[in-house]
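# Report on the structure
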Amino acid sequence: MTTELALWQAMVEARAFDQAMCRHNGHWHEARGEEAVFVGAYADLGPDDVVAPHFRGTCAVALQRGTSPETLAAGVFGTRGSDSGGHWRGDICPTPGPRSIGMFSGSLGTSVSYATGAALHLARTSPGAVAVCSFGDGTANSGIVAESLNLAAMLALPIVYVCQDNQYATSLPSAVALAGERVSDRARALGIVATDIDGNDVLAVREAVGQAVARSRAGAGPSFVHALTYRMGGHYMNDPETYRTPEEVAAWAERDPIARLQQLLVGHGVLDPAEAEAHSAATHARLEAIVAEAKERDDEEITPTVSAFAEDVRPELRSAS
Amino acid sequence: MTTELALWQAMVEARAFDQAMCRHNGHWHEARGEEAVFVGAYADLGPDDVVAPHFRGTCAVALQRGTSPETLAAGVFGTRGSDSGGHWRGDICPTPGPRSIGMFSGSLGTSVSYATGAALHLARTSPGAVAVCSFGDGTANSGIVAESLNLAAMLALPIVYVCQDNQYATSLPSAVALAGERVSDRARALGIVATDIDGNDVLAVREAVGQAVARSRAGAGPSFVHALTYRMGGHYMNDPETYRTPEEVAAWAERDPIARLQQLLVGHGVLDPAEAEAHSAATHARLEAIVAEAKERDDEEITPTVSAFAEDVRPELRSAS
Amino acid sequence: MTRMTMSEAIVAAVADEMAADPSVYLIGQDIGVFGGPMQSAKGLWEAFGAQGRVIDAPISEAAMVGTAVGAAMAGSRPIVDLMFAEFLALTMTPLALEGASVAFRTRGQVTVPLVVRAKCGVGPHRGHAESCVGMLMSFPGLKVAMPTTPQDAYSLMRSAIRDANPVVVLEHMSLLHGARAEVDPELVIPLGAAAVRRDGTDLTVVASGLMVQRALRAAAELAKEGVEAEVVDLRSVAPLDVGLARASAERTGALIVVEESWPGSGPAAALCAGLLDTPLGRTGFPVRLLQPPATPVPFAASLETAFVPSVADIAHAARTLRSTMRGTVTA
Amino acid sequence: MTRMTMSEAIVAAVADEMAADPSVYLIGQDIGVFGGPMQSAKGLWEAFGAQGRVIDAPISEAAMVGTAVGAAMAGSRPIVDLMFAEFLALTMTPLALEGASVAFRTRGQVTVPLVVRAKCGVGPHRGHAESCVGMLMSFPGLKVAMPTTPQDAYSLMRSAIRDANPVVVLEHMSLLHGARAEVDPELVIPLGAAAVRRDGTDLTVVASGLMVQRALRAAAELAKEGVEAEVVDLRSVAPLDVGLARASAERTGALIVVEESWPGSGPAAALCAGLLDTPLGRTGFPVRLLQPPATPVPFAASLETAFVPSVADIAHAARTLRSTMRGTVTA
Ligand SMILES: Cc1ncc(C[n+]2csc(CCOP(=O)(O)OP(=O)(O)O)c2C)c(N)n1
Ligand SMILES: Cc1ncc(C[n+]2csc(CCOP(=O)(O)OP(=O)(O)O)c2C)c(N)n1
Ligand SMILES: [Mg+2]
Ligand SMILES: [Mg+2]
């Protein structure tokens, strides 16, 4: 199991990458404030497990799983060094692979069905392996999520669904868009074991997901974890944020997941405050440099030939023109 | 409110039409045993209300709403006298209109969203009017049903959803396909008032739907009624029914909704047993004659010109060929 | 007459129709206080929100369109702001297979007056470029407009809202917030009518969306070389104005079709079919297709640039076509 | 060699691949003890059900295909029995927009070996006729096969299962339970290769699905009049074998395209685009399109009959085309 210190470090690294992107990339979707959910949920998985993170936080999960920040940054800028060679958006699909699911178009929701299918594959071929799949509160309303959960329950698939409820889908509050009291009740209605947790407490996330994963590994089927958190930044850069008050944002700043764990670790004597600050500063500086360097390569790395992507895969489908 | 005697008569007429179709049309989907659900649910609606019955029972609802059996039978056989002039399947879409929704392709599920939209229209333009919308236990799993219920709850729309749970989607038992204990819990999870009732008791159906309609008319938003019933016949004519036992079918025959209400009415002195039999026999004979006559017109009524349907509606979209 | 961007013109058309007809309402994501993605609903919340006619919807595109179909059958005239055209792929059953079929199936007794707005195209957004226009054009009864000027955007949107059946309005992200131009609110432009954007005598370039702009730039270049290209803007791709395209090409003697959509489907393929579907069964002029390769829109800026036909590609194709014509006197 | 119907041949191909490769599984509605809609999975439950490789799914087509995409990425080779092609419209995002794009987006590092089976076409079922083939052909990377003989059905299904990326197999309901014929399990037929079904010298008829059968009957009629029609069966519509169609038409001097799908999209439109998309930019032969009108498939038997091109329609078109050719010596 990942140590608490490592969780803290992973959250710091996630934020450092995220904040550097905020500075350098106008198309970035900031994840500040939600680190506890995606770091906690994916911390203790093995290489045979399938990860399907929500787009907000997906680069952090890739970092955690060992992708280099250089590769990830290349993916976000769309340059040759990315895992798709610049062919696809690395911000929402950083490391596509047989055990790693991202967004394959700009449509939310389908990745939940892909993760469910991956879990079906695992159930048939690798008993004990699991899939973990996150999605936002907004995405939770799409029909394919309901269909996927029903299939997973019916087939008792080894999958843990994590609703990363940052309380907004762009401008629409989850309190309005998610009819009913708790989104987790939708899972309960399907006979899926569900818990509602504080998504700004990384230890609570790890605990809840960990228990769910253990149940799945033992063959007890799917689980659902509803992690309540808060999107500290706008939906995207330059979001006017007319739909919420500065007071609301400020109140949630008090509950910053990184500061919270840091305080706890300092309290336990695991972390020295000065060391913590130094580590944080160094991490931010390191990632700032990596991201700034990656940005430099924007636009200049890939030979603009059609054949680079058309011929690679399916010669028979090339346009005759 | 429809009298109990009228409910009985409507169920008898529904069955008579249904059984005549079983004899004369190899493409018919038998509804025997489920009459209490669709007769009870649509009995007390006004002309301004929107009806969106499940395909199994939709002709009976049209009968109840005043469409003549001759027109309906023409629709099922696809002859000129149908409400679509033979252009579309009258068995699954008997009387399409601004207040009457059917299946507009062979796909199940979308009609639930159409009914929900009709309810949105009613809420904006005709306060007090409602939509009633039924769907099978199998259809309940389609994503658009989940999406529609969420929208209806969020917008507090005047609609009553009725799950006509005949315990099978073709061969798949709802006990298997509908994960979770009660399908109604899916509605409860969205904050929708839901009840679970005996779908072979037409009075219970009328009562539950009636209360739900009253709530909707008063502006209290959507409701959900889960009516448990049983499909006495095969999914379609010639269904081998390898997926269930004759004993199971026989047990449900004991709970025939028509016989049940008849017994009650006889007990209350509202109906004389001999009169009841005579009325039944006469109704069956009448509908047998109508359906047999309609079948005769099969294939011979519509001039087979392309223009009959292509030019009617949209000249600009005709094929040049 | 006011000067507007294409985006402003579309919003103005929606606002004018909403003011004129209480049965029109708008549903979509982030169209409330947020003002719509990329300002697609700017000001509508303030004007019509209190009347309950600007409905912020959750992520559930199929139900958004499905409820609009049902409301339209019942008597409303809904406009769905679907955000991006990619999401149309989530709505094909209610929108295309069924919504567009109701008028046929009922012989016009029941119609489905419904508009779906969707942004598409390569552009500043760097994502959500796919228009899925081929998919839309593969169902009978579904109309599809694709304006390229503020005036067309305004007039086509009004025509779409007034149409008795479903219309998809594709809004190209590279054009939406372009230059302002005069818009005459009285000008009616029917769906299904292409327009000649530039007169020419030497060859015809037919295009839609952003490709119209590029065709015009290529025509300006060619003019310097003494080649006068006629540029036809399809404006609507369903119904498709094959007649105007054919007439122009017959006059100029050659046709280039430039599309941002994939080969084998969409406006280019439909046009080819339409051109051959005559008693003669062949064209009297050579045809050249310029389209992206059959792959998804790539992400890297350089790859994206190579993906979509450029001004230079169009000019080059025109030169090549003309030299071919000189080389082969008979077909 | 065994004699099989097309339906039996497809089931045999699935069974043979399931026996050979444990990563193949089947998911769909009523494919368990019920044996599949119209016997589409006959015997598979008995053979593979106990291994958990025949999965009865609830009504949730998008998730059925979506889970198959995810399982395929993870290493399985799923086959989805989607019942009817109409339902493909519910699955366009996972199947076409995304599932078929993964190989491109990852430069082949991740592929999605997935087959979707779907019944379509006018026939004894009197419903569910729409093939939505135009919709399928409007996304890059999605392959579509449409067999017309037991041998092709067997061999194309095996090729589809072995393909690295998504393939839709359209199974025509008027052909599925037709005559039995010999099937050689060793015969490999690649996706994307059309076949000449009848040699001819006077004109070429290109068709898919049921229209191939009607074209052959029309050819037999025409032969009595001394006209020898060559009949090309597309077999796969994506990739589309434009080359074989063109070569045949160039040899015979005329081309009739007969389709059960709507005009403006699908195989006919793609073929027209392909035929014009040459350096010359035009065809050396006249082309005639025979397709239903752009309306949904009607229900009444007489209307349905009028809707789909008939044997007589094809023969008539051939005669007209030949007289046109004699009338017009130059194009
Ligand atoms: C199917 C679909 N509908 C709409 C969108 C546009 N969109 C992009 S992000 C977003 C908000 C998503 O909300 P949520 O799932 O809560 O994730 P969050 O942005 O809060 O992380 C929306 C609506 C989309 N990408 N896909
Ligand atoms: C979207 C969709 N999937 C599958 C089918 C095929 N189908 C027709 S009827 C049926 C069973 C429907 O079950 P249910 O909703 O319970 O209705 P019932 O037949 O029991 O009345 C199925 C699967 C369909 N028509 N539409
Ligand atoms: Mg959110
Ligand atoms: Mg049922």
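Now for a description of the structure that goes with this document. (Residues numbered from 1 in each chain as written. Chains lettered and ligands numbered in written order. Predicted model: local features only at pLDDT ≥ 70, side-chain atom pairs only at ≥ 80, totals over all residues. Heavy atoms only, no water.)

This brings us to the coordination of the magnesium ion (ligand 4). Each donor-metal-donor angle would ideally measure 109.5 degrees in four-coordinate tetrahedral geometry, or 90 or 180 degrees in six-coordinate octahedral geometry. Residue and element names in this part refer to chain B. Those protein atoms acting as donors to the magnesium ion (ligand 4) are D137 (OD), N166 (OD1) and Y168 (O), and they sit at 2.0 to 2.1 Å. In primary-sequence terms, the residues that donate to the magnesium ion (ligand 4) follow D-x28-N-x1-Y. Of this pair, D137 sits in the loop between β2 (131-136) and α6 (143-154) while N166 sits in the loop between β3 (159-165) and β4 (168-169), and the two are 29 residues apart along the sequence. For D137, a relative accessible area of 2% gives the class buried. (Donors = N, O, S within 2.8 Å, 3.2 Å for Na, K, Ca; no water. Helix = DSSP H or I, 4+ residues; strand = E, 2+ residues; numbered from the N terminus. Buried < 20%, exposed > 50% of the residue type's maximum accessible area, 1.4 Å probe, protein only.)

Quick look at the interface of chain D and chain B now. In this complex, chain D contributes 32 residues to the contact, which on the side of chain B involves 42 residues. Between chain D and chain B lies a buried interface of about 2800 Å² when both sides are counted; carbon and sulfur atoms form 64% of it. Contact with chain B buries area across many residues of chain D, yet F34(D), I59(D) and F299(D) alone supply 25% of it, more than any other trio. Applying the counting criterion to the chain D and chain B interface returns zero salt bridges. (Contact = heavy atoms within 4.5 Å. Buried area = accessible area lost by both parts, 1.4 Å probe. Salt bridge = Lys/Arg side-chain N within 4 Å of Asp/Glu carboxyl O.)

Once that is clear, we can look at the site of ligand 1. By nearness alone, 21 residues border ligand 1, and H54(A), R56(A), T139(A), Y168(A) and E61(C) come closest of all. Mapping the residues near ligand 1 onto chains gives chains A and C. One nitrogen or oxygen atom from the main chain of G138(A) is found 2.8 Å from an oxygen atom belonging to ligand 1. Within the side chain of N166(A), an N or O atom sits 2.7 Å from an oxygen atom of ligand 1. Bound to the protein, ligand 1 loses 96% of the 570 Å² it would expose on its own. A breakdown of the residues in the shell around ligand 1 according to their chemical character gives eight nonpolar, ten polar and three charged. (Near = heavy atom within 4 Å. Polar contact = N/O pair within 3.5 Å; in protein donor to acceptor, adjacent residues only side chain to side chain. Areas by Shrake-Rupley, 256 points an atom, 1.4 Å probe, with all protein chains shown as cover. Nonpolar A, V, L, I, M, F, W, Y, C, P; charged D, E, K, R; others polar.)

A separate point is helix α2 (residues 35-42) of chain A. For α2(A), the tally of buried residues reaches eight of eight residues, placing the bulk of the element in the interior. Restricting attention to buried positions, one finds in α2(A) the residues E35(A), A36(A), V37(A), F38(A), V39(A), G40(A), A41(A) and Y42(A).

What follows concerns the site of ligand 2. Lining the immediate surroundings of ligand 2 are 21 residues, of which H54(B), R56(B), T139(B), Y168(B) and E61(D) lie closest. More than a single chain frames ligand 2: its nearby residues are located in chains B and D. With respect to ligand 2, the side chain of T139(B) contributes an N or O atom lying 2.6 Å from an oxygen atom. Within the backbone of Y168(B), a nitrogen or oxygen atom sits 2.7 Å from an oxygen atom of ligand 2. Protein coverage of the free-state accessible area of ligand 2, which is 580 Å², stands at 96%. The class makeup of the residues in the shell around ligand 2 is eight nonpolar, ten polar and three charged.

In this section: the nonpolar core. Ranked by size, the top nonpolar core spans 330 residues in total, and within it L88(C), L170(C), L88(D) and L170(D) carry the most contacts. If you tally residues by element for this core, the top one is helix α1 (residues 6-20) of chain C, at nine residues. The contacts of L88(C), once residues within four sequence positions are left out, are L82(C), L95(C), V116(C), A118(C), S131(C), M135(C), L136(C), V168(C) and L170(C). (Core = buried A, V, L, I, M, F, W, Y, C linked by side-chain atoms within 4.5 Å.)

Now for the side chain of T67(A). Considering the arrangement of structural elements, one finds T67(A) in the loop between α3 (58-64) and α4 (69-77). If near-sequence neighbours (up to four positions away) are discounted, T67(A) is found in contact with A62(A), L72(A), D83(A) and T95(A).

On to the sheet that holds strand β5 (residues 115-120) of chain D, then. Residues and elements named next belong to chain D. Taken in spatial order, the seven strands line up as β3-β2-β4-β5-β7-β6-β12 in an open sheet, and their pairing is mixed. Across the chains shown, the open sheet's two edge strands, defined by having one partner strand only, are β3 (54-56) and β12 (236-238). Ignoring strand direction, the axes of neighbouring strands in this sheet form an average angle of 20°. (Pairing = 2+ DSSP bridges. Axes fitted to C-alpha atoms, helices over the stretch in contact; angles between N-to-C directions.)

We now examine the coordination of the magnesium ion (ligand 3). Residues and elements named next belong to chain A. Looking at the magnesium ion (ligand 3), one finds its protein donor set to be D137 (OD), N166 (OD1) and Y168 (O), positioned 2.0 to 2.1 Å from the metal centre. The sequence pattern describing where the donors of the magnesium ion (ligand 3) fall on their chain is D-x28-N-x1-Y. In this pair, D137 sits in the loop between β2 (131-136) and α6 (143-154) while Y168 sits in strand β4 (residues 168-169), placing the two residues 31 residues apart along the sequence. There is no split in this pair, since D137 and Y168 are both buried.

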